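Per-entry structural report
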Amino acid sequence: MSGPIPERPRRLRQTAAVRRLVSENRLHPAELILPMFVKEGIDEPVLLDSMPGVQQHTLDSLVQAAREAVDAGVGGLMLFGVPQQHDEIGSGATDPKGILNRGLRRLRDVLGDTTVLMADLCLDEFTSHGHCGVLDQQGRVDNDATLQRYAEMAVVQAESGAHVVGLSGMMDGQVAACRAALDEADHQDTVILAYAVKYASAAYGPFREAVESTLEGDRSTYQQDPANATEALRELRLDLAEGADIVMVKPALPYLDVLRSVAEVSDVPVAAYQVSGEMAMIEAAGANGWIDRDRMVLESLVSIRRAGAQMILTYYATEVARRLRER
Ligand code: PBG
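Residues numbered from 1 in each chain as written. Predicted model: local features only at pLDDT ≥ 70, side-chain atom pairs only at ≥ 80, totals over all residues. Heavy atoms only, no water.

An unreviewed UniProt entry lists the protein chain under the name Delta-aminolevulinic acid dehydratase, from Leekyejoonella antrihumi. Comment text from UniProt for the protein chain, heading Sequence similarities (unreviewed entry), reads "Belongs to the ALAD family." (UniProt positions renumbered as here; feature names shortened; annotations may be inferred.)

**A closer look at the overall build of the protein chain**
Regarding its fold elements, the protein chain presents eleven helices and ten strands. The globule rule puts the C-alpha radius of gyration for 327 residues at 20 Å, and the 20 Å found for the protein chain is close to it. Overall, the C-alpha framework of the protein chain stretches about 75 × 45 × 40 Å when taken along its three principal axes. Buried residues in the protein chain amount to 52% of all 327 residues. A separation threshold of at least 6 residues defines the contact pool for the protein chain, and within that pool the share at least 24 residues apart is 75%. Here the protein chain has roughly 15300 Å² of accessible surface; of this, 48% comes from carbon and sulfur atoms. (Helix = DSSP H or I, 4+ residues; strand = E, 2+ residues; numbered from the N terminus. Rg over C-alpha atoms; globule rule 2.2 N^0.38 Å. Buried < 20%, exposed > 50% of the residue type's maximum accessible area, 1.4 Å probe, protein only. Contact = heavy atoms within 4.5 Å. Areas by Shrake-Rupley, 256 points an atom, 1.4 Å probe, with all protein chains shown as cover.)

**Overview of the pairing of strand β4 (residues 76–82)**
Every other side chain in a regular strand lies on the same face of the sheet, so the side chains alternate between the two faces. Among the seven residues of β4, seven are classified as buried, and the element is accordingly described as predominantly covered. In β4, alternate side chains face the same way, and those of G76, M78, F80 and V82 on one face and L77, L79 and G81 on the other are all buried. As paired strands, strand β1 (residues 32–39) and β4 are joined by seven bridges and run parallel to one another. Within β4, the residue paired with L34 across the bridge is L77. In this structure, β4 lies alongside strand β5 (residues 116–121), joined through four bridges in parallel fashion. Considered in β5, the bridge of L77 is made with L117. (Pairing = 2+ DSSP bridges.)

**Some words on the site of the ligand**
Residues in close proximity to the ligand total 18 residues, the closest being D124, R208, K250, S276 and Y315. A distance of 2.6 Å separates an oxygen atom of the ligand from a polar atom in the side chain of R208. K250 places a side-chain nitrogen or oxygen 3.2 Å from a nitrogen atom of the ligand. Relative to its free-state accessible area of 410 Å², the ligand is covered by the protein chains to the extent of 100%. The residue inventory of the shell around the ligand, partitioned by class, reads eight nonpolar, three polar and seven charged. (Near = heavy atom within 4 Å. Polar contact = N/O pair within 3.5 Å; in protein donor to acceptor, adjacent residues only side chain to side chain. Nonpolar A, V, L, I, M, F, W, Y, C, P; charged D, E, K, R; others polar.)

**Examining the state of the cysteines**
Using the criterion set out here, one finds zero disulfides in the structure. Looking at C122, it has no disulfide partner, and the nearest cysteine sulfur is the one in C132, 3.4 Å off. The buried category is assigned to C122, whose relative accessible area is 1%. Sulfur of C178: no disulfide; nearest cysteine sulfur belongs to C122 and is 11 Å away. (Disulfide = S-S within 2.5 Å.)

**Thoughts on the nonpolar core**
One finds F37, L259 and I304 to be the most contacted residues of the largest nonpolar core, which totals 103 residues. Leaving out residues up to four positions away in the same chain, F37 has contacts with L48, M51, V54, Q55, Q56, H57, F80, V82, F207, A210, V211 and Y315. (Core = buried A, V, L, I, M, F, W, Y, C linked by side-chain atoms within 4.5 Å.)

As structure tokens, then:
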């Protein structure tokens, strides 16, 4: 070795205290959003095989788990419904007594404004064919007919107590349609979280078990092709122009490049969804002893944060919020 080493990056890594001081990104419980499932017609919560620790809740266990999340400091809850009946147009989605709307009402009654209550706004859990929209005569997803269903759903969800509607269906014009319907019904304050960038991913498998999806085939005519990145910016531009208050990229970890480019240009908060399959991969490898599960959970989330997400939907929200508080 000739001469001194002019720069020594290791100097800032020498103790945990120094590393903590120079850390560029940190997770905070308030930025974590917990997705939750409420199922109609059950007396006991049902555990899901592919998502260890995640449950299909009864209305009572939903309230209990929501309280625990809020007590841990989690920033918001995203509710999905698992109805008993399905039909062609997903009637349960717009029925004020449908399971999702009942769940929202219960949570809002108990939690008030102490958390941010979000509702999945999509038809797939409610349709007999499992698609995110209604079908036309040829069995194709009918964009504009679906918008009318979404508009109705937005109003019912707002009336059931949702602070935020989460538009996950990937129909063209869905943000504008829901914004107009909400404003018309005097729900100007209802926030629209737009799944602006949502890929037709293999990583939704465990979720489809959780909502007992009836889907045959795939969603490639409305969700994006994993090969496309520029298209994400187009989807973002449209959703911003239509009035999205928060935009989301989904899935998260395989799409960090897309997340980064969206975060660079968005002037509204950017969320990312660590989806069910991302969790399942961590859990499966962890259970086999192939990775350190607890470390991987934090590493995956801080990576999503580093790529530019200001908030993260994750099934780990309550667990991680607690762990962050203990540190
Ligand atoms: C559609 C919706 C899906 C997810 C969230 N909203 C499934 C899909 O697009 O097929 C997936 C979430 C996850 O995998 O955790 N309502």
